[in-house]
Amino acid sequence: MTSETTRYVALLRGINVGKARQIGMPRLAELLTDRGHANVRTHLRSGNVVLDSSLGEAELVADLETAIEKEFGWAVPVVVRTGAELAAVIAGDPFATVSTDPARYLVTFLPEPPAPAAVDALPPADEGGGEYLVRGRELYLWLPDGIANTPLAAWKWDRLLGVAGTGRNWNTVTRLGELSGASPTRG
């Protein structure tokens with residue numbers, strides 16, 4: 001690795017849910033460190049990694065996906081953001097004035113922005129309770145009655161947007177912002 005590195009947050013999709021697709025976070029951190037990434041730290045078991053890398057975003061995604069598949073035996077989609085990008089997500093919180101429970105407030109991180117036509121074709125939020133906003137490569141979901149009780153949470157967002165992402169609740173988003181060292185808030 002060169003001396004010029006970027007602080008990234010890597011979000012793994014669909015691991016450690018139930019008994020399938022289990023990935024131990026200590027082994028994942030060790031694997032990524034062995035691949036030359038620095039200051040590797042995991043958060044929770046849901047596939048959150050903070051690390052420093054000299055690779056660009058696309059190269060980092062490819063490196064992580066290849067390493068995970070080789071080590072654990074299955075493909076795991078990875079979405080990354082720089083620490084600065086995550087700080088911007090936190091600072092630009094569109095539901096700061098309405099969300100009252102960070103566990104019921106989700107951000108889905110998308111690998112690329114959805115097509116404008118897909119966003120324009122989304123049903124109105126009042127058909128699903130709660131609120132949503134697509135901004136760039138993020139889908140913000142405020143689910144006031146919880147994930148299980150808000151129909152909006154059950155919408156097939158991958159199909160509606162034409163791009164699959166990985167979601168984290170606001171508690172996790174802000175904690176990852178803190179761990180990435182670029183968070184403007186301690187919320």
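Residues numbered from 1 in each chain as written. Predicted model: local features only at pLDDT ≥ 70, side-chain atom pairs only at ≥ 80, totals over all residues. Heavy atoms only, no water.

**Overview of the sheet that holds strand 3 (residues 48-53)**
1) Next: Strand order in this open sheet of four strands is 2-3-1-4, and the pairing throughout is antiparallel. The open sheet is flanked by strand 2 (38-43) and strand 4 (78-82), the only strands paired with a single partner. Taking the axes of each pair of neighbouring strands and ignoring which way they run, one obtains an average angle of 20 degrees across the sheet.
2) Next: Judged from the six bridges that link them, strand 1 (residues 6-12) and strand 3 form a sheet pairing that is antiparallel. Bridge pairing links Ala 10 to Val 49 in strand 3.
3) Next: Each of strand 1, strand 3 and strand 4 touches helix 2 (residues 57-72); the most contacted strand, strand 4, lies at about 140 degrees to it.
4) Next: Sheet strands touched by helix 3 (residues 83-91): strand 1 and strand 4. Its angle to strand 4, the strand with the most contacts, is close to 85 degrees. (Pairing = 2+ DSSP bridges. Helix = DSSP H or I, 4+ residues; strand = E, 2+ residues; numbered from the N terminus. Axes fitted to C-alpha atoms, helices over the stretch in contact; angles between N-to-C directions. Contact = heavy atoms within 4.5 Å.)

**Some details on the sheet that holds strand 6 (residues 131-135)**
1) Next: Spatial ordering of the open sheet is given by 6-7-5-8, a layout of four strands whose pairing is antiparallel. Each end of this open sheet is capped by a strand with a single partner; those strands are strand 6 and strand 8 (166-169). Each adjacent strand pair in this sheet contributes to an overall mean axis angle of 20 degrees, direction not counted.
2) Next: Taken together, the four bridges between strand 5 (residues 105-109) and strand 8 define a ladder with antiparallel strand orientation. Bridged to Val 107 within strand 8 is Arg 168.
3) Next: Helix 7 (residues 170-179) rests against strand 5, strand 7 (138-142) and strand 8 of the sheet, and its axis sits at about 90 degrees to strand 8.

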